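Architecture at a glance
Listed below are the residues making up each chain.
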Amino acid sequence: MVKNSRPSRGRVEDPFAQREAEKYERPIPSREFILDHLAERGESLTWEQLIEELGLDDEESQEALRRRLRAMARDAQLICNRRGCYAPIDKVDLVRGRVIGHPEGFGFLVPDDGGSDLFLSSRQMRSIMHGDRALVHVIGLDRKGRREGALVEVLERNTQQIVGRYFEESGVGFVASENKRIAHDLVVPADQRGSARSGQIVVAEVLEQPSKRAQPIGRIVEVLGDHMAPGMEIDVAVRANGLPHEWPQAVQDEVGTLGAEVPEAAKQERVDLRDVPLVTIDGADARDFDDAVFCERTPKGWRLLVAIADVSHYVKPTTALDTEARARGNSVYFPERVIPMLPEILSNGLCSINPAVDRLCMVCEILLGEDGKIIRSRFFEGVMRSHARLVYDDVAAMLVGGDKALREKYASVLPHLEELYALYRVLRQMRRRRGAIDFETTETRIVFGAERKIEQIVPVHRNEAHMIIEECMILANVCAARFLQRKRIPALYRVHKSPDEEKLTGLREFLAEFGFSLRGGSKPEPKHFAEVLEKVKDRPDAHLIQTVMLRSLKQAQYSPDNIGHFGLAHPAYAHFTSPIRRYPDLLVHRAIRHLLRGGKPDAFTYDHDAMAAHGEHCSMTERRADDATRDAVSWLKCEYMTDKVGETFSGTISAVTSFGIFVELDNIYVEGLVHVTALGNDYFHFDPVGHRMQGERTGVSYRLGDRVQVQVARVDLDDRKIDFELIGGTASAPKPAAGEPRRKAGGRRKSKKASSGGKTEAAAGKATPKSERRTRGMRRKRK
């Protein structure tokens, strides 16, 4: 046991001593104990002082403590000052988090503790790049009332390579990053340029990170080409966003020991479900199948089995395979290409629930009542065999359309599918009563022709089969979260915070213009959002109102601190159903397996702080994947539009900013900018609450959701931007709110200042304002 030599504390035991003893041959005080000790002392301590006070007499334990202190400083649990003294971060008014860069040069720090973002000026961003982890202290509020930070220390560098165009100017070589969130130019010395020529797309290794007085320095390691050849847009997006995409040799060596079939020994001591008619239901083009379902009637309602591929059996903690899976965080899905989280022998083989082969699985068994409420649930390890590989369209055709041929073909599993459909209808009613928020969004799919040229961009329509599986997966995720919370084991939850006060105020002002109100006061519940969506669903401007409501919500994240999921209206939610492609799901499986095998929560491999680090990292990799896919798709859409300059299209205003309006074209789902200077012969003011541009002299306004006609003016492949010229549309002077007198045309309207509301994620491919103050459009010269 750990002994503290200070008389005031006497002998104190480390509550995590048993866990440390199980993990290490010569255990030392746990991280939690060290933090508690420093907090009670009320002052920073050196390594030597901690050695004495923690009673570590031998050199090996002292060296282990030194390494642990350094690791805690690296993980931003402690800070080490210039005198070599250690203190807890939360005791010195410092904030740690992940840096989100902005194309204009400034940035934000997203705190690990989930507080409001800190604004970082371009001066502070000189020493750091997008994705770095940093420690900052709060220096006050900026002119918009946001907390502003100053850099104290860079905790972790995120950018080791930069992909971009190489240029030479006045004998100086540099690489301009394709990732617009990285505003730094990478300086390339003459002896590090290799065969690169100015204008080529290259990959450069960062040799020296940026500092207050110097740009980053690097060397060219690969020349990708003179221009973006077919397929290169994905290679560039992968490298520009730092996606791990090559398997280290150690990983290849580990998976090389795996066979194509599940060993018989691995099937022992598992529940045998091979005779249960479990089926997979996925898209027609799906390659990996990580979930299977089965449903049957019971006297009180239904019994539902959700069987998930048992990835945790093959991917063990601390292995090379696990390290690489964590680094990737998730699979990344590009048009017709996937960067998987796990090697193919697992993702498409041993952990893919292919039909008529034995597979190991982790099963969630749920008993539900006639009203859809969970009676009880349990988890167990199983071995299964899929009885059919079904696709969404066929399932919908059988259950909704009554397709006789398909019903005959799948007669052996049809009774269970019909029970699944009956349960789904009850669950949808329950979802509505619960008040879960359902937004109608349009996803698209790119159809390629010869030489990877886009033939068309088509919408992807969800049918009821999609929603059947979605409800089953949500149920299993809820049960997993409840199980982990009940056992009080460190775990990752999928959390979704409620909107902040500033967003709510703006949303309520916007809704008031349409005669609607959002109930719930300062803390509205999901059902209050759902009420508004239900009221507006049949209105012609429903899409406009839904878009504004969607943008008022926060982004879901991973955290060991459960605060519930606002959008789904669940008090506890976790990701359990996709361990093939999401690392958080794998961590959830490990926690469940630990408990099923009799493990105690405090003896689990991970503690709360480790889970917090995993959650922050996986939230980052999720955003990174979104950025990468957005970059690739934006380039493809720009390439698709290059031969359409001068053509006219109809579209809908999809966003309004201080510098112009974005328009999404009908049927082809491509978005471009009409700059404020191209809106007309007037001064235009940005109204962020009304989501519109208002003409000062004419009173003409362009509002989110308005229909317009545009002409393609310019396509910039390098910047992934499309510029439109306005031809015509339905824009008009806004209707005054109730009680507001109507203004004459040309009457001046005051507009509120534009506010970013602390946003840290600008949409890729969109221009950004040079200034954040109220913006007036330039009056165009008469021709």
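Higher on the page you've got the structure.
What you see as residue numbers is a count from 1 along each chain, following the sequence as written. Owing to the predicted nature of the model, reporting of local features is limited to residues with pLDDT of at least 70; listing and counting of side-chain atom pairs is limited to 80 or more, with chain, interface and lining totals taken over all residues. In computing side-chain properties, one takes all heavy atoms of the structure into account and sets aside hydrogens as well as water.

Attention now goes to the overall build of the protein. Only DSSP runs of H or I covering at least 4 residues are called helices, and only runs of E covering at least 2 are called strands; the numbering of each starts at the N terminus. Within the protein one finds 17 helices and 34 strands. Taken over C-alpha atoms, the radius of gyration comes to 28 Å for the protein, in line with the 28 Å a tight globule of 783 residues would show. The principal-axis extents of the C-alpha atoms in the protein amount to approximately 85 × 75 × 60 Å. Taking all 783 residues of the protein together, 54% fall into the buried category. Every residue pair with non-hydrogen atoms within 4.5 Å of one another is taken to be in contact. Counted over contacts in the protein with a minimum sequence separation of 6, partners at least 24 positions apart contribute 66%. Accessibility throughout is a Shrake-Rupley quantity obtained with a 1.4 Å probe, and a residue counts as covered only by protein chains that appear here. Entry remark: accessible area of the protein is about 36400 Å², with carbon and sulfur atoms responsible for 48%. Each radius of gyration is computed over the set of C-alpha atoms, and the globule rule expresses the reference value as 2.2 Å times the number of residues to the power 0.38. Residue burial is assigned from relative accessible area. The probe radius is 1.4 Å, only protein chains are included, and a residue is buried under 20% of its type maximum, exposed over 50%, and partly exposed in between.

A word on the pattern of salt bridges. The salt bridge definition used is simple: a Lys or Arg side-chain nitrogen within 4 Å of an Asp or Glu carboxyl oxygen. Overall, the coordinates contain 64 salt bridges when judged by the stated rule. Put simply, K554 and D500 hold a salt bridge, and the shortest N to O gap is 3.6 Å. Taken together, the positions of K554 in the loop between α15 (542-551) and β26 (557-559) and D500 in the loop between β25 (493-495) and α13 (501-512) put the pair 54 residues apart, joining distant regions of the chain. Taking the relative accessible area as the measure of exposure, D500 reaches 26% and is therefore partly exposed. Where D627 meets R630, a salt bridge forms, and the shortest distance between an N and an O atom there is 2.9 Å. Here the residue D627 and the residue R630 both occupy positions in helix α17 (residues 608-641), the gap between them amounting to three residues, near one helical turn.

On to unusual backbone geometry. Unusually for a residue other than glycine, A356 sits at a positive phi of about 65°. Structurally, A356 is set in the loop between α8 (344-350) and β20 (358-369).

On to the packing of aromatic side chains. Pairing of aromatic rings covers Phe, Tyr and Trp, the last through its six-membered ring, and needs centres within 6.5 Å; plane angles under 30 degrees mean stacked, over 60 mean edge-to-face, and all others mean tilted. Evaluated as defined, the whole model comprises 12 aromatic pairs. Their ring planes at 55° and their centres at 5.0 Å tell us that F510 and F514 sit as a pair that is tilted. In this structure, F510 and F514 share a single accessibility class: buried. An angle of 90° between the planes, with centres 5.6 Å apart, marks the rings of F529 and F566 as edge-to-face. Here F566 lies in the loop between β26 and α16 (583-596) and F529 lies in helix α14 (residues 526-536), a separation of 37 residues in the sequence. As far as burial versus exposure is concerned, F529 and F566 are alike and both buried. Taken together, the ring pairs in this structure connect F106, F108 and F119 into an aromatic cluster. Counting as a charge over the ring demands two things of the Lys NZ or Arg CZ atom: a distance within 6 Å of the ring centre and an angle within 35 degrees of the ring normal. When the ring centre of W247 is taken as reference, the NZ or CZ atom of R328 above it lies at 3.5 Å. The ring of Y558 has R494 sitting right over it, with the charged end atom 4.5 Å from the ring centre.

Next up on the list: the sheet that holds strand β31 (residues 692-695). Strands pair in a sheet through their backbones, by hydrogen bonds, and they do so in one of two ways: parallel or antiparallel. In space, the three strands of this open sheet follow the order β30-β31-β32, with antiparallel pairing throughout. Single-partner strands in this sheet number two, and they are β30 (684-687) and β32 (701-703). For this sheet the average axis-to-axis angle between neighbouring strands, irrespective of direction, equals 20°. Two strands pair when backbone bridges link them, and β30 and β31 are joined in this way by four bridges, in the antiparallel orientation. Counted as the bridge partner of F684 is G695 from β31. Strands are labelled as partners when DSSP assigns at least two bridges between them. Interaxial angle, 0 to 180 degrees, is taken between N-to-C directions of lines fitted to C-alpha atoms, where a helix line uses only the stretch in contact.

Of note, E616 is situated in helix α17. Owing to a relative accessible area of 14%, E616 belongs among the buried residues under this scheme. In the analysis that follows, any N or O atom pair within 3.5 Å is treated as a polar contact, provided that within protein one partner can donate a hydrogen and the other can accept it, and provided that, for residues neighboring in sequence, both atoms belong to side chains. Here R133 takes part through its side chain, which lies 3.5 Å from a polar atom of the side chain of E616.

Moving on, we get to the nonpolar core. What is meant by a nonpolar core is a set of buried Ala, Val, Leu, Ile, Met, Phe, Trp, Tyr and Cys residues, joined one to another through side-chain atoms within 4.5 Å. I281, L304, L484 and F576 are the most contacted members of the largest nonpolar core, which has 96 residues in total. Ranked by residues supplied to this core, first place goes to helix α12 (residues 464-487) with 13 residues. Not counting residues within four places of it along the chain, the set of residues in contact with L484 comprises I489, A491, Y493, V588, A591, I592 and L595. F510, C638, I668 and Y702 belong to the second largest nonpolar core, which has 62 residues in total.

Moving on to the environment of M641. Among the secondary structure elements, M641 is positioned in helix α17. Each C-alpha atom, one on M641 and one on E324, is 38 Å from the other, the two residues being 317 residues apart in sequence. Aside from chain neighbours lying at most four places away, what touches M641 is F649, L665, I668, V670, V712, V715 and I722.

Each pair of packed helices gets described by two things: the angle between the helix axes and the distance between those axes. The contact between α12 and α16 brings their axes to 11 Å, and the two run at 55°. By the criterion of interaxial angle, the relationship of α12 to α16 is oblique. Crossing handedness for the pair α12 and α16: left-handed. Residues A480, F483, L484 and K487 of α12 form the contact with α16, whose own contacting residues are V588, A591, I592 and L595. Residue classes follow a fixed rule: Ala, Val, Leu, Ile, Met, Phe, Trp, Tyr, Cys and Pro count as nonpolar, while Asp, Glu, Lys and Arg count as charged, and any other residue, Gly among them, counts as polar. Tallied by class, residues from the contact of α12 with α16 come to seven nonpolar, no polar and one charged. Roughly parallel means an angle under 35 degrees; roughly antiparallel, over 145; roughly perpendicular, 65 to 115; everything else is oblique. Throughout, a crossing is termed right-handed when the near helix is turned clockwise from the far one, and left-handed when it is turned anticlockwise from it by less than a right angle.

Each residue after the first adds 1.5 Å to the expected span of a helix. With 12 residues, α13 extends 16 Å from end C-alpha to end C-alpha; this agrees with the ideal 16 Å at 1.5 Å per step. Packing partners of the buried residues in α13 comprise α14 and α15.

Honestly, it's all geometry; don't read function into it.
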